[in-house]
Amino acid sequence: MDQWQLLHTEIRNRVGYLFLDNDQRFNTLHSECIQELRAALTVLESESAVGCIVITGDPGESFAVGANIAEMRDFTSVEAWDFSQLGQGLFEQIESSTKPVIAALNGITMGGGCDLALACDLRLASERLQIAHPGVKLGIITGFCGTQKLPRLVGSHRAKEIFMTSRAYSAEEALRIKLVEQVFPADQFMNRVSEYAEQIAQQPPMALNLAKKMLNAAENVCIANGQVMELGAFASLFPRSGHMEKIEEFFTKHAN
Amino acid sequence: MNTLTIEIKDSLAIISLSRPDCLNSVNMEMLKELQSQFEQLRSDEAIKGVLLTGVDGHFASGGDLDEVRHFTPLEAIAFAETGQKLCSLIEAFPRPVLAAVRGYVLGAGLEIALACDYILADETAQFGFKELCYGVLPAFGGTQRLPRLVGKGRAKEMIFTGRLVGADEALRIGLVNQLFPAVSLLDDVFKQLQKICSYGLLSLQMGKEVIDTGAEINLQAACKMERDAFAVCFSTADQKEGMGAFIEKRKPRFSGR
């Protein structure tokens, strides 16, 4: 299934891997790369043999960095708007995916790469992680949802520090401020990621899907409505309610 | 000014809360002086950022009890409204505002610090809300900003018990962003502010605004707002300069235009 130029995919033990690999020192998230990511994700999402998806830049030096600066420098506002829209579309796809998507942060993760990590459900980091959001050094803010997702994950004061100082954070710091959920030793990184992802991929798909939907919705709805949605999601996981039996009884009776 | 000192250094304003005879407690006069300072600094384009601190080893104790205890309900509303307006003014200040705190950071003082972009402290800092011990509650936005920062459970614990939280715990729960040695706190924070303010001021301002505004609306709408602000960056001189300098491997010179 490797029809891709800037990445390759693999399925192993119910985990679908998406390896960013654009043949340069850093994986840049330029337009073509984002389009390929969207297409490859669509394929992995539709595979019933995949219970969980991992995005990584392993074994390269970077997970991902933002767009190509030389290309971006000459953007008009309209081109910037389109580019932002394209990236946000990818992140919406990750969020609305029925499968959990894990970012395995093998190394340098900057700008748009940080935003890609934030769009995923979980972030696992190698000890080699260097993560930063250096937009203010370039005279921009990010357009890939980072200004919204980062404060929701680490709090507004820490998000402002990350954006304002532009500095790189180590794996240890990222773990302390809850920017990543786990840190694994660099020499066992992908093995540990696989173990972790395989465990999630073993869970019943419907329950995983609904848990992800509920947790994402929790950001946007009041607690009363959230609880109503939770009831519905919970009930939908039970195959035979009394109501279903009544319906079946009705059809059985009328079939005869 | 009776309750503040202000110093301008390298285009940055250092404001110190200064009522040393009462541990820099916050009274109406201090609120009004702070408000007028922030309003003046806001319209002064030469000022790139603000460092807020306190004199004599403390940031600020809570509201001035000698004044507050005699309030009628109407006076209490006026006091709280003035404090809330000040905190909103600080939060919406168009350039970075960092709090450098030590010693007591209590009640109204903590609420003012919470309105800054983030809080940096030394190991002597102690944080707390003692309002409930006096039969009142925090009213400068503290009941709203604290839970958003440290989570609802921790905010309730701090406000219900009135217990003081030390510097290490404050760092762990995210009330404080970084700790510095007591001897160098002000220098260290000043350097950090200098560095931040050497970056693109327009993107700092827009970043602040989309973070704060976005926190009040749902994620999808917030991301659209961010997209539009991102696009606007590409019509600024700062963006061309910042990216140009990156490519040419030189230091950018941002104009804020």
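What comes next concerns the included structure. Predicted, not measured: the structure shown is a model, and the values here were computed from it.

Reading the values: rules and limits
- Residues numbered from 1 in each chain as written.
- Chains lettered and ligands numbered in written order.
- Predicted model: local features only at pLDDT ≥ 70, side-chain atom pairs only at ≥ 80, totals over all residues.
- Heavy atoms only, no water.
- Helix = DSSP H or I, 4+ residues; strand = E, 2+ residues; numbered from the N terminus.
- Areas by Shrake-Rupley, 256 points an atom, 1.4 Å probe, with all protein chains shown as cover.
- Disulfide = S-S within 2.5 Å.
- Buried < 20%, exposed > 50% of the residue type's maximum accessible area, 1.4 Å probe, protein only.
- Pairing = 2+ DSSP bridges.
- Contact = heavy atoms within 4.5 Å.
- Axes fitted to C-alpha atoms, helices over the stretch in contact; angles between N-to-C directions.
- Polar contact = N/O pair within 3.5 Å; in protein donor to acceptor, adjacent residues only side chain to side chain.
- Core = buried A, V, L, I, M, F, W, Y, C linked by side-chain atoms within 4.5 Å.
- Buried area = accessible area lost by both parts, 1.4 Å probe.
- Salt bridge = Lys/Arg side-chain N within 4 Å of Asp/Glu carboxyl O.
- Nonpolar A, V, L, I, M, F, W, Y, C, P; charged D, E, K, R; others polar.
- Phe/Tyr/Trp six-rings, centres within 6.5 Å; stacked < 30°, edge-to-face > 60°.
- Lys NZ or Arg CZ within 6 Å of the ring centre and 35° of its normal.

## Focus: the overall build of chain A
Part 1 of the reasoning: A tally of helices and strands in chain A yields twelve helices and ten strands.
Part 2 of the reasoning: Summarising its shape, the C-alpha atoms of chain A cover approximately 75 × 40 × 40 Å along the three principal directions.
Part 3 of the reasoning: Of the accessible surface of chain A, which amounts to about 11700 Å², a share of 56% is contributed by carbon and sulfur atoms.

## Some words on the state of the cysteines
All names here are of chain A.
Part 1 of the reasoning: For the structure on display, the rule yields zero disulfides over all chains.
Part 2 of the reasoning: In this model C33 remains outside any disulfide bridge; the closest cysteine sulfur is found in C120, 13 Å from its own.
Part 3 of the reasoning: Under the relative-accessibility criterion, C33 is labelled buried at 2%.

## Examining the sheet that holds strand 8 (residues 130–132) of chain A
Residue and element names in this part refer to chain A.
Part 1 of the reasoning: Here four strands make up an open sheet; going across it, the order is 4-6-8-9 and the pairing mixed. Among the strands making up the open sheet, the edge pair consists of strand 4 (62–64) and strand 9 (169–170).
Part 2 of the reasoning: Its contacts with the sheet place helix 4 (residues 112–119) against strand 4, strand 6 (108–110) and strand 8, and it is angled at close to 90° to strand 6.

## Quick notes on the side chain of H58 of chain B
Residues and elements named next belong to chain B.
Part 1 of the reasoning: Structurally, H58 can be placed in the loop between strand 3 (49–54) and helix 2 (65–68).
Part 2 of the reasoning: In terms of polar contacts, H58 uses its side chain to reach the backbone amide nitrogen of Y104, at 2.8 Å.
Part 3 of the reasoning: Those residues in contact with H58 that sit more than four places away from it in its chain are L23, N24, R102, G103 and Y104.

## Notes on the environment of L41 of chain B
Residues and elements named next belong to chain B.
Part 1 of the reasoning: In this structure, L41 sits in helix 1 (residues 28–43).
Part 2 of the reasoning: Distance from L41 to F93, taken between C-alpha atoms, is 9.0 Å for residues 52 residues apart in sequence.
Part 3 of the reasoning: Apart from the residues lying within four places of it in its own chain, the contact partners of L41 are I6, I8, A13, I15, I47, V50, F93 and R95.

## Observations concerning the nonpolar core
Part 1 of the reasoning: By size, the foremost hydrophobic cluster in this structure holds 66 residues, and its most contacted members are L37, I55, M72, I94, L116 and L179 of chain A together with F234 of chain B.
Part 2 of the reasoning: Counting residues in each nonpolar core, the second largest holds 50 residues, with I90, F93, V105 and I112 of chain B among its members.

## Let's talk about the interface of chain A and chain B
Part 1 of the reasoning: On the side of chain B, 59 residues touch chain A, which itself brings 45 residues to the contact.
Part 2 of the reasoning: In total, about 4300 Å² of surface goes out of reach between chain A and chain B, with carbon and sulfur atoms giving 61% of it.
Part 3 of the reasoning: Taken together, the links from chain A to chain B amount to three salt bridges.
Part 4 of the reasoning: For the side of chain A that touches chain B, the secondary structure elements donating two or more residues are helix 2 (69–73), helix 3 (77–96), helix 5 (135–138), helix 6 (146–154) and helix 7 (156–165) of chain A.
Part 5 of the reasoning: Here the side of chain A that touches chain B takes nine residues from helix 7 of chain A, the largest share from any one element.
Part 6 of the reasoning: Of the residues belonging to the side of chain A that touches chain B, the class tally is 17 nonpolar, 16 polar and twelve charged.

## Some details on unusual backbone geometry
Apart from glycine, the bulk of residues carry a negative phi angle, and the bulk of peptide bonds sit in the trans form.
Part 1 of the reasoning: Omega for the peptide link from D58 of chain A to P59 of chain A comes to 0°, which places this bond in the cis form.
Part 2 of the reasoning: In this structure, P59 of chain A sits in the loop between strand 3 (52–56) and strand 4.
Part 3 of the reasoning: Despite not being glycine, C145 of chain A has its phi angle at roughly 75°, a positive value.
Part 4 of the reasoning: Mapped onto the fold, C145 of chain A is located in the loop between helix 5 and helix 6.
Part 5 of the reasoning: By relative accessible area, which is 4% here, C145 of chain A ends up buried.
Part 6 of the reasoning: Residue D56 of chain B is not a glycine yet carries a positive backbone phi of 60°.
Part 7 of the reasoning: Along the chain, D56 of chain B turns up in the loop between strand 3 and helix 2.
Part 8 of the reasoning: When its relative accessible area of 61% is taken as the criterion, D56 of chain B is described as exposed.

## So, the packing of aromatic side chains
Two descriptors summarise a pair of aromatic rings, namely the distance from one centre to the other and the angle between the planes of the rings.
Part 1 of the reasoning: In total, this model carries twelve aromatic pairs over all chains according to the counting rule given.
Part 2 of the reasoning: Taken together, a centroid distance of 5.2 Å and an interplanar angle of 55° make the contact between F71 of chain B and F79 of chain B tilted.
Part 3 of the reasoning: Here a set of aromatic residues connected by ring pairs shows up, and it is made of F75, F83, F91 and F144 of chain A together with F230 and F234 of chain B.
Part 4 of the reasoning: We note R167 of chain A situated over the ring of Y169 of chain A; from NZ or CZ to the ring centre the distance is 4.0 Å.
Part 5 of the reasoning: One cation-aromatic arrangement involves K9 of chain B over F190 of chain B; the distance from NZ or CZ to the ring centre is 4.6 Å.

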